[in-house]
Amino acid sequence: MTTRREVHDLLKRGETVSGEEIGEELDVSRAAVWKHVEALREQGYEILSTGEGYLLEEGTSEMNEIELRERLDTATLGKEIHVEDAVSSTNDRAKRLAEDGAPEGTVVVAKRQGAGKGRVGKDWISPEGGLYLSIVLRPRMDPTEAPKMTLLAGLAVAETVRDLGLDARIKWSNDVVIENRKVSGVLTEMAAEENAVGYVVLGVGINANLEPDDLPEELRGDSAFLREELGRDVDLRDLAVSLLENLEHRYDQFRDDGFKPVRNAWRELSETIGREVLIETQREEFIGHAVGLSRDGALIVELPDGGLKKVTGGLCRHVESY
Ligand code: BTN
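Summarised in this report is the structure supplied together with it. (Residues numbered from 1 in each chain as written. Predicted model: local features only at pLDDT ≥ 70, side-chain atom pairs only at ≥ 80, totals over all residues. Heavy atoms only, no water.)

Ranked by size, the top nonpolar core spans 62 residues in total, and within it Leu 131, Leu 133, Val 161 and Leu 226 carry the most contacts. Excluding its chain neighbours within four sequence positions, the residues that come into contact with Val 161 are Leu 166, Ala 168, Val 176, Ile 178, Val 183 and Leu 226. Counting 14 residues, the second largest nonpolar core, distinct from the first, contains Leu 11, Val 17, Val 33 and Tyr 54. (Core = buried A, V, L, I, M, F, W, Y, C linked by side-chain atoms within 4.5 Å. Buried < 20%, exposed > 50% of the residue type's maximum accessible area, 1.4 Å probe, protein only. Contact = heavy atoms within 4.5 Å.)

Here the focus is the packing of helix H6 (residues 146-162) against helix H10 (residues 260-269). Each packed pair of helices is defined by two parameters, the angle between the axes and the distance between the axes. Two numbers describe how H6 lies on H10: the axes approach to 10 Å, and their chain directions differ by 55°. Judged on the interaxial angle alone, H10 and H6 are oblique. Two packed elements cross with a definite hand, and for H6 against H10 that hand is left-handed. Mapping the contact onto sequence places Leu 151, Leu 152, Leu 155, Ala 158, Glu 159 and Arg 162 in H6 and Val 262, Ala 265, Trp 266 and Leu 269 in H10. Residues belonging to the contact of H6 with H10 are distributed by class as follows: eight nonpolar, no polar and two charged. (Axes fitted to C-alpha atoms, helices over the stretch in contact; angles between N-to-C directions. Helix = DSSP H or I, 4+ residues; strand = E, 2+ residues; numbered from the N terminus. Parallel < 35°, antiparallel > 145°, perpendicular 65-115°, else oblique. Left-handed = near helix turned anticlockwise from the far one by under 90°. Nonpolar A, V, L, I, M, F, W, Y, C, P; charged D, E, K, R; others polar.)

Taken together, 20 residues form the shell around the ligand, and within it Ser 89, Gln 113, Lys 117, Arg 119 and Lys 182 come nearest. Ser 89 places a polar side-chain atom, nitrogen or oxygen, 2.8 Å from an oxygen atom of the ligand. Relative to its unbound accessible surface of 420 Å², the ligand loses 97% to contact with the protein. Those elements giving two or more residues to the shell around the ligand turn out to be helix H5 (90-99), strand S5 (131-137), strand S8 (181-192) and strand S9 (197-206). In terms of residue count, S8 provides more of the shell around the ligand than any other element does, four residues in total. A breakdown of the residues in the shell around the ligand according to their chemical character gives six nonpolar, 10 polar and four charged. (Near = heavy atom within 4 Å. Polar contact = N/O pair within 3.5 Å; in protein donor to acceptor, adjacent residues only side chain to side chain. Areas by Shrake-Rupley, 256 points an atom, 1.4 Å probe, with all protein chains shown as cover.)

With antiparallel pairing, the five strands of this open sheet are ordered in space as S13-S12-S11-S10-S14. The open sheet has two free edges, formed respectively by strand S13 (308-311) and strand S14 (315-319), since each of these has just one partner strand. Pairs of neighbouring strands in the sheet enclose a mean axial angle of 45°, with direction left out of account. When strand S11 (residues 285-293) meets strand S12 (residues 299-302), the two strands line up antiparallel, connected through four bridges. Bridge assignment links Gly 292 to a residue of S12, and that residue is Ile 300. (Pairing = 2+ DSSP bridges.)

Geometry only, nothing functional implied.
Here it is as C-alpha cells:
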C-alpha cells in the first residue's frame, strides 16, 4: 500500500490525528506526512489543519487510485492501478507497462486522452467526462484465440452499462450500443510470440458524462451518452469498478469453463445476429445475413447465394434488407 493511501486510511477514521502520530504509525517524518496531506488536498480531499492535527472533513469526487481501491472487490484486475490526468492513449501506456513486465491486471485510467485510438486506425475523441481505461492481461492462450478476448471484453462492457438499468446490446464485434447508437468501444491489442500470447491490452472507452457537443459533428448522431440516457452524471469511479468486476468475472469464467458461457451470453446480447450486415475488411466488402457466432469467436454470415462466411475482423454495419 502506498504511504498516501495509508495516510488517507488513518484520516478516514474520522478523528483528528496529529502529524506526529501519523508519522510514528507509518514510520515516516512529519514533513513527509505534511507532503502527503498536501497531495491529498490537491486531489480534492478537504483536510482541516487544527492545533491538534489533521481532520478529514470531506472526501473527493476525483478519480484516483485511493477511491478505486476502496470500491474494488477483485482478485486480479486492478492489482496495479495508474490514474493519470492526461495521456496520449491509455492503451499505449498500458502496452509500455506490459513490455516492462507489469503484472496481469494492471489498469491505466486517464481523465482525457490526447491521441485516443479506435479500431481500424480511427481516432477515439477523448475529452474529460468519458471513461478511458486499459487493462493488461496475460492469458495462457494461442494468439489465434485473441478474438475471444475481444468478445469477452465487449460483453463485460455491455453488462456494465446494463447494470445501470440501460438496454445495452452488442454490435459485432464489440461496440456497445443503446438503441443502435454507440456508447462504448473496445480496442484489443496483443503482443504474441509464435504460439503464445505475451500480453493483451483491452482498452475501453465509454461515453459517460459527455455532451453530444463534445464529439465532432459526424459522430454525434450515431453516439449515445450515459448522462443523457440516465438524466444524471455517472460516478466514473463506480463505473470503472463495475467494469473491472464484470470483466474479471467473465475472464475467470473463460479460464475455468472455456468460451461457451461467454459465447452464449454474447449471443443473447447481440444486436447483430439476425440482422442484414455490410462487412468491410481490408480485403473485401460484402453483404449478408448474420446468423451466428462460431466456437472460435467469428461472426457467421450467410451470403445471398446461401454460402456461409466466417468474419474475424474489419467493420460491420447493420443495413436494411438487401
Ligand atoms: C472503437 O473504435 O470502437 C474502439 C475504441 C477504444 C477506445 C479506448 S479509450 C481507452 C483505450 N485507449 C485508447 O487509445 N483506445 C481505447
